[in-house]
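Now for the letters of each chain:
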Amino acid sequence: MRDVTTAQTTVDLDVQPTPLALLLLGREADPRSERGVECPGDLPSPSDPDLVERARAAKERLGDKVFVLGHHYQRDEVIQFADVTGDSFKLARDAAARPEAEYIVFCGVHFMAESADILTGDDQKVVLPDLAAGCSMADMATAEQVAECWDVLTEAGIAEQVVPVSYMNSSADIKAFTGKHGGTICTSSNAKRALDWAFEQGEKVLFLPDQHLGRNTAVRDMGMSLEDCVLYNPHKPNGGLTAEELRNAKMILWRGHCSVHGRFSIDSVNDVRERIPGVRVLVHPECKHEVVAAADEVGSTEYIIKALDAAPAGSKWAIGTELNLVRRLANAHPDKEIVFLDKTVCFCSTMNRIDLPHLVWTLESLAEGNLVNRIEVDRETEQFAKKALERMLALP
């Protein structure tokens, strides 16, 4: 049930943490899905009562030399120190707009910090407070796998007809591949515009790395059929597809997904409608196609925030996105009933790696003149990745 107190608002979203969710709140590593290592150096204890004051003091010492970016899915304890908050691309652009900041501390995940490094000046240094803050979706498409996929498309005789479109949630290597092969990057809010552009350039699209965003955009927003889409599995010979299947497809979807949004099911939607009469279901387009088809509204993180800001008092909402954001939105709108779509906790485990001890360690190290955990994209990768990003920026 939903319990609200007004002095310092807290909201119980009627979810119970599973043992796995508690395990993944930022302490353990999963080498199958995360990049990076534990941060070098001694972290402050999470129980240190002075952590907030230490972070504030270090940030004040750095002054205009530091610019702290906080992704919407970050913990509240980290968000409170962010100079700006937003989604990954908005934050990268915000960083580029602050050339006077020597240090860009990106409280997000690895691919986001890479994008910030690509878009910021050579004299600026992008720092990720914990190098183990990766993204399982981004890691589902490696440069070697995508190069092999292109060879498969070439052997099928269709590579010249294919335009790659890569989601922002991809590594710098995949963005560079996209730029090198005449493609563009997209976000969850401009995916349709990106696909419209791509189909003006070629007959087919290779969509990387999130199958669900690609499928939902093609079918829901562009009127294609599910039969127009095929799923390329990099772990199977030829992607698990025949040359004929590739030739007949309009959308070649990479077999990748978001571990957070991919957990929502049609059962989640049916259950919340039964529990809360009159609820409106609002989900992110990274959710499975059947979940998106059953929802009342679908939109990016920014769309979700704006929709709830504009919703009338007394309205009821079940939100299918990361739990930190849903909790923050519920706290911000005590006049509306806002619940998490699933009944069990689903934090983004790698986002949650960046906690207050990591942020304090980072800020204090920088304040002492020690550059730590710098994210730096090599020049050639940056050159081609920037081309893909610039094509996105030029979309109508």
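The present account deals with the structure reproduced in this document. Keep in mind the model is a prediction, meaning the values are calculated, not measured.

**Digging into the packing of aromatic side chains**
Turning to step 1, where the next piece is worked out: For the structure shown, the criterion picks out three aromatic pairs.
Turning to step 2, where the next piece is worked out: Each ring, one from tryptophan 150 and one from phenylalanine 177, has its centre 5.6 Å from the other, and the planes form 80 degrees; the classification is edge-to-face. Note that tryptophan 150 is positioned in helix H6 (residues 143–155) and phenylalanine 177 in helix H7 (residues 172–180), a separation of 27 residues in sequence. With respect to burial, tryptophan 150 and phenylalanine 177 carry one shared label: buried.
Turning to step 3, where the next piece is worked out: When the centroid spacing of 5.5 Å and the interplanar angle of 65 degrees are considered together, the rings of phenylalanine 264 and phenylalanine 340 count as edge-to-face. Linking phenylalanine 264 in the loop between strand S9 (251–254) and helix H11 (266–275) with phenylalanine 340 in strand S13 (residues 337–340), this pair joins segments that are 76 residues apart in sequence. Phenylalanine 340 carries the same exposure label as phenylalanine 264, and that label is buried.
Turning to step 4, where the next piece is worked out: Residue placement shows lysine 180 over the ring face of phenylalanine 384; its charged tip is 4.9 Å from the ring centre.

**Topic: the packing of H7 against helix H16 (residues 379–393)**
Turning to step 1, where the next piece is worked out: One way to put it is that H7 packs onto H16 with a least axis distance of 7 Å and a crossing angle of 65 degrees. Judged on the interaxial angle alone, H16 and H7 are roughly perpendicular. In the packing of H7 onto H16, the handedness of the crossing is left-handed. Together, Ala172, Asp173, Lys175, Ala176, Thr178, Gly179 and Lys180 of H7 and Glu380, Thr381, Phe384, Ala385, Ala388 and Arg391 of H16 make up the contact between the two elements.
Turning to step 2, where the next piece is worked out: A breakdown of the residues in the contact of H7 with H16 according to their chemical character gives five nonpolar, three polar and five charged.

**Overview of the sheet that holds strand S12 (residues 316–320)**
Turning to step 1, where the next piece is worked out: What the four strands build is an open sheet, ordered S11-S10-S12-S13; its pairing is parallel. One side of each edge strand has no neighbouring strand; the edge strands of this open sheet are strand S11 (297–298) and S13.
Turning to step 2, where the next piece is worked out: Where helix H13 (residues 301–310) meets the sheet, its contacts fall on strand S10 (280–283), S11, S12 and S13, and the angle it forms with S10 comes to roughly 150 degrees.
Turning to step 3, where the next piece is worked out: Sitting on the sheet, helix H14 (residues 323–332) is in contact with S12 and S13, with an inclination near 165 degrees to S13.

**Quick notes on the pattern of salt bridges**
Turning to step 1, where the next piece is worked out: Counted by the stated rule, this structure contains 17 salt bridges.
Turning to step 2, where the next piece is worked out: Taking the shortest distance from any N to any O, the salt bridge between arginine 56 and glutamate 53 comes out at 3.2 Å. Of this pair, arginine 56 and glutamate 53 both sit in helix H2 (residues 51–62), three residues apart, which is roughly one turn of that helix.
Turning to step 3, where the next piece is worked out: Taken together, the shared-partner salt bridges connect Asp48, Arg54 and Glu364 into one network.

What counts and how
Residues numbered from 1 in each chain as written. Predicted model: local features only at pLDDT ≥ 70, side-chain atom pairs only at ≥ 80, totals over all residues. Heavy atoms only, no water. Phe/Tyr/Trp six-rings, centres within 6.5 Å; stacked < 30°, edge-to-face > 60°. Helix = DSSP H or I, 4+ residues; strand = E, 2+ residues; numbered from the N terminus. Buried < 20%, exposed > 50% of the residue type's maximum accessible area, 1.4 Å probe, protein only. Lys NZ or Arg CZ within 6 Å of the ring centre and 35° of its normal. Axes fitted to C-alpha atoms, helices over the stretch in contact; angles between N-to-C directions. Parallel < 35°, antiparallel > 145°, perpendicular 65-115°, else oblique. Left-handed = near helix turned anticlockwise from the far one by under 90°. Contact = heavy atoms within 4.5 Å. Nonpolar A, V, L, I, M, F, W, Y, C, P; charged D, E, K, R; others polar. Pairing = 2+ DSSP bridges. Salt bridge = Lys/Arg side-chain N within 4 Å of Asp/Glu carboxyl O.

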